[in-house]
Structures are given as structure tokens and as C-alpha cells.
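Structural overview
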Amino acid sequence: MKKRIAILGSTGSIGTQALEVVKQHPDKLDVEVLTAHSNAPLLIRQAMEFMPNAVVIAKESMYQRVFEALDPYDIKVYTGTASIEQVVEMESIDIVLVALVGWSGLKPTMKAIEAGKQIALANKETLVVAGELVTKLARDKGVNIYPVDSEHSAIFQCLAGEFHNPVEKIILTASGGPFRGMNHDALLQVTKEQALKHPNWNMGCKVTIDSATLMNKGLEVIEAKWLFGLRIPQIEVVVHPQSIIHSMVQFADGSIKAQMGMPDMRLPIQYALTYPERLPSNFPKFSFDQCLQFTFEKPDKENFRCLNIAYEAIRLGGNMPCVMNAADEVAVHAFLRNEISFLQIPDLIENCMSKISFVKNPSLNDYEATDIESRAVATELLEILKH
Ligand code: NDP
Ligand code: MG
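Taken together, 24 residues sit near ligand 1, with Thr11, Ser13, Ser38, Asn39 and Glu125 positioned nearest. Within the backbone of Ala122, one N or O atom sits 3.4 Å away from an oxygen atom of ligand 1. Starting from 900 Å² of accessible surface for ligand 1 in isolation, the protein chains cover 85%. Those elements giving two or more residues to the shell around ligand 1 turn out to be α1 (13-24) and α6 (124-141). Split by residue class, the shell around ligand 1 holds 10 nonpolar, 11 polar and 3 charged.

Shown next as C-alpha cells:
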């Protein structure tokens, strides 16, 4: 039986790599749904190649173009953000790959879980914003959330066969990003172009900037807490610049298991889509001919403040990670528009977190209100910083 997949965000970095995985395994995987925000030309090409049942182009002004191009085919075309939330409920879908970016992933993920679909989750922000709500819903519905993020896939792979053994701690590896080793003065000068050049991974803009600030690792600490039911002191971060060890798990007896591979997202994407099977792949494989030295160092939390900001947000709990996420999205986009400097990103996030009222046990409505309020406050703070 083929697994029928909905790919939310098929035109992005994870989405396009997921389609490469599908192409390698046409006997195992079938595309049911593809969605994009505004990249109509690519969505049309993907639809013509993979012949899904339905596509969604979220941006309404692009609808006519997609509709006309796909009119000769038996493919339904929908538009609007709400359509992404509806399309995941389709009877014919087995697994939903959430490769949307930022807050936009939360509601479609919850709708897919409510409809009983298995989830392959790349969109870490969903668990950062509402990890408690989402993981509880998944438990209630008997839905598995398979991690796509490489670190979490690594931990998931290390846990195979160990489900009854308590985890003592996990060690998330971080590449350190393009600015590893730089001091405060050097970081004052860095540009958007430099930040977008990640040493090991080729990813979408938001996650690339988050990697440069170490916010990405902070988001991943929170993601790991919810995915694996851990307490925060059980989650350690170590910098491993070669990005070959994708993360590690230490058990009660002191044994540490690590998962290794090339820094290539197609491996964790494939594992999430085909678990528990390991299918052959012709993507490049790691060999010790390429890299004989693995090094490790402590993250520089003083100069890269976002990591501690994330630890603080999850320590406070409630709606604070949601505030942090919204402020981070505003700050990263402002940085990408050259409106603020690299070091103003943590300033903006921290400032925003100090201004939003705390909600201890938020509902989905509370999260939505917090997200809207935090974006408004972060945007006001941004105006002040710009002048
Ligand atoms: P991209 O920016 O490359 O792609 C995002 C996708 O989502 C695109 O298809 C985009 O459509 C769509 N999209 C963006 N905003 C909206 C919206 N508001 N409504 C509907 N659709 C939207 O992101 P990545 O693929 O890099 O990342 C996706 C997620 O995976 C992120 O959460 C990221 O943190 C995570 N991740 C990514 C990794 C990577 O290697 N890229 C590694 C680990 C995790 P369009 O193209 O039309 O704009
Ligand atoms: Mg990652």
C-alpha cells in the first residue's frame, strides 16, 4: 500500500526536498495534496509532475493563474489560508508533512491531528508556540508526530528499540552558524548577506537567520521538550561545526547513542515519511574520506543571546514561547529588510517578551490573541529602533 501524503509548503526548501524523496520511491509514496503561499509557477509545475488530488495556493490573487493552468487536469484548486486547514481533512490522506514556516503551521497541524492524520513535522514553531496543546491532542487522537528536523530525527532514531529505557538527557548539536567564534564587535558589523550563507545547510530564509542567531537551537530545545516529554535540564546543546552528528541521547547507564549522516534534509524527511522502514536512497552518503575530525565546543551564550532567551521563555512557560516566536518572526523579517541590525534581533525579542501579559494555561484562542498582540508590540518596538 502506498502512503498518501499532503505536503503543506511544497514550494519551500523542505517541501521541494520532500518531493525529491517521493520521486525516489514512487512505489511507496503518493502525493495527494500540495500547498504553497504565493509561488504559483512552481506549484503548477509540481502539480503537473506529481498529479495530486488537490492543491492550495494560499494567496488569493494567485488563484486564477493556478486554476487556469491546472484546468485541463483532474486536480482541484483551492485558495485562502483557511483552505489549508480544510484540505488536510481529506479522507484520502495518510500523512501530512507540515513544511510551512512560522506560526502559519499551527492551525493546519491541529486540524490534521483532529482528523486523525499522521504528522511529519518540519515546522518546529508549531511546538514552540503550543507544544502542550498539540502533543496532548495527538495523544488523545492516537496520532504520531514524526520529527523532520534533523536533530529531532536523530534523537528519534537513537530511541528506536529503547522506548522502555529512560532517557537521562539529550544532546542537541548545533553547527554554530556562519558567525561562530565572532565577538560582540565583529557581530555589530555582520550583514544579511553573510547571515544567509549557512556553512553546512541550504535552507529557507527564516530558519537560516534563526541558525545564525542560535534562536534556531533555542526553538529546537523547546521542540525537543514536547516531542520527547523531557524536562528542560535534560536538554543540552553542544556546537559541532561539521554537522555530521545530528544529535545524541544519553541513557541511565551513561551510554550515549549518536546518529550521523550528511547534512542533507532528505534523509530525515524520508525517515519521517517511511518510518519504521529504512528505504535505500541515492543521496550522498557520509564517508570518513571526507571528514576525519569531529570537534565540539560550548555554545557562546553571551554573544548569541537568543539561545538563553528561548530557555527563559520555556522556563516561564504559558504563552511566553508564543510571544518569543512572534517577536522572532517580526525581528527576522525586519533584519531581512535591512531595517535592524543582527544584534538588535535579541533586543527586540526580549523587549517584546517583557511587555506582553502572561497567560499560564493558554487555550488556542489565547495563543491566537498572544500572537496578534506580540506582533503588534514587536512592530511598534521596531519603529522605535528604526528611528
Ligand atoms: P521555506 O521558506 O523555504 O518554505 C516555506 C513554505 O511554506 C513555502 O512553500 C511557502 O510558500 C509556504 N508558506 C510560507 N508562509 C506561508 C503562509 N503564511 N501560509 C501558507 N504557506 C506559507 O521554509 P523551509 O522549507 O526552510 O522551512 C519550513 C519549516 O521547516 C520551518 O519551520 C523550518 O524551521 C523547518 N526546518 C527547515 C529546515 C530546512 O532545511 N529548510 C531544517 C529543519 C527545519 P511560497 O513558496 O509560495 O512562499
Ligand atoms: Mg534543526
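Turning our eyes to something else, we now look at the pattern of salt bridges. The full count for this structure, using the stated rule, is 25 salt bridges. In this structure, Glu49 engages Lys23 in a salt bridge whose closest nitrogen and oxygen atoms are separated by 3.1 Å. With a gap of 26 residues between them, Glu49 in helix α2 (residues 40-50) and Lys23 in helix α1 connect regions that are remote in the sequence. For Glu49, a relative accessible area of 45% puts it in the partly exposed group.

Looking now at the packing of helix α5 (residues 106-114) against α6. Their axes nearest at 10 Å, the elements α5 and α6 cross at an angle of 5°. Relative to α6, α5 is oriented roughly parallel. Every residue of α6 that contacts α5 at Leu106, Thr109, Met110, Ile113 and Glu114 is listed here: Thr126, Val129, Ala130, Leu133, Val134, Leu137, Ala138 and Lys141.

So, on to the sheet that holds strand β11 (residues 256-260). Taken together, the 4 strands give an open sheet; going across it, the order is β9-β8-β10-β11, and neighbouring strands pair in mixed fashion. The open sheet has two edge strands, β9 (235-239) and β11, and neither has a second partner. Along the sheet, successive strands turn relative to each other by an average axial angle of 20°, direction set aside. In this structure, strand β8 (residues 167-174) lies alongside β9, joined through 5 bridges in parallel fashion.

Turning our attention to the coordination of the magnesium ion (ligand 2). Looking at the metal site, the magnesium ion (ligand 2) is ligated by Asp149 (OD), Glu151 (OE) and Glu220 (OE), spaced 2.1 to 2.2 Å from it. Within one chain, the residues donating to the magnesium ion (ligand 2) are spaced in sequence as D-x1-E-x68-E. Per residue, the accessibility class of Asp149 equals that of Glu151, and both read buried.

Cut-offs used in this document
Residues numbered from 1 in each chain as written. Chains lettered and ligands numbered in written order. Predicted model: local features only at pLDDT ≥ 70, side-chain atom pairs only at ≥ 80, totals over all residues. Heavy atoms only, no water. Near = heavy atom within 4 Å. Polar contact = N/O pair within 3.5 Å; in protein donor to acceptor, adjacent residues only side chain to side chain. Areas by Shrake-Rupley, 256 points an atom, 1.4 Å probe, with all protein chains shown as cover. Helix = DSSP H or I, 4+ residues; strand = E, 2+ residues; numbered from the N terminus. Nonpolar A, V, L, I, M, F, W, Y, C, P; charged D, E, K, R; others polar. Salt bridge = Lys/Arg side-chain N within 4 Å of Asp/Glu carboxyl O. Buried < 20%, exposed > 50% of the residue type's maximum accessible area, 1.4 Å probe, protein only. Axes fitted to C-alpha atoms, helices over the stretch in contact; angles between N-to-C directions. Parallel < 35°, antiparallel > 145°, perpendicular 65-115°, else oblique. Contact = heavy atoms within 4.5 Å. Pairing = 2+ DSSP bridges. Donors = N, O, S within 2.8 Å, 3.2 Å for Na, K, Ca; no water.

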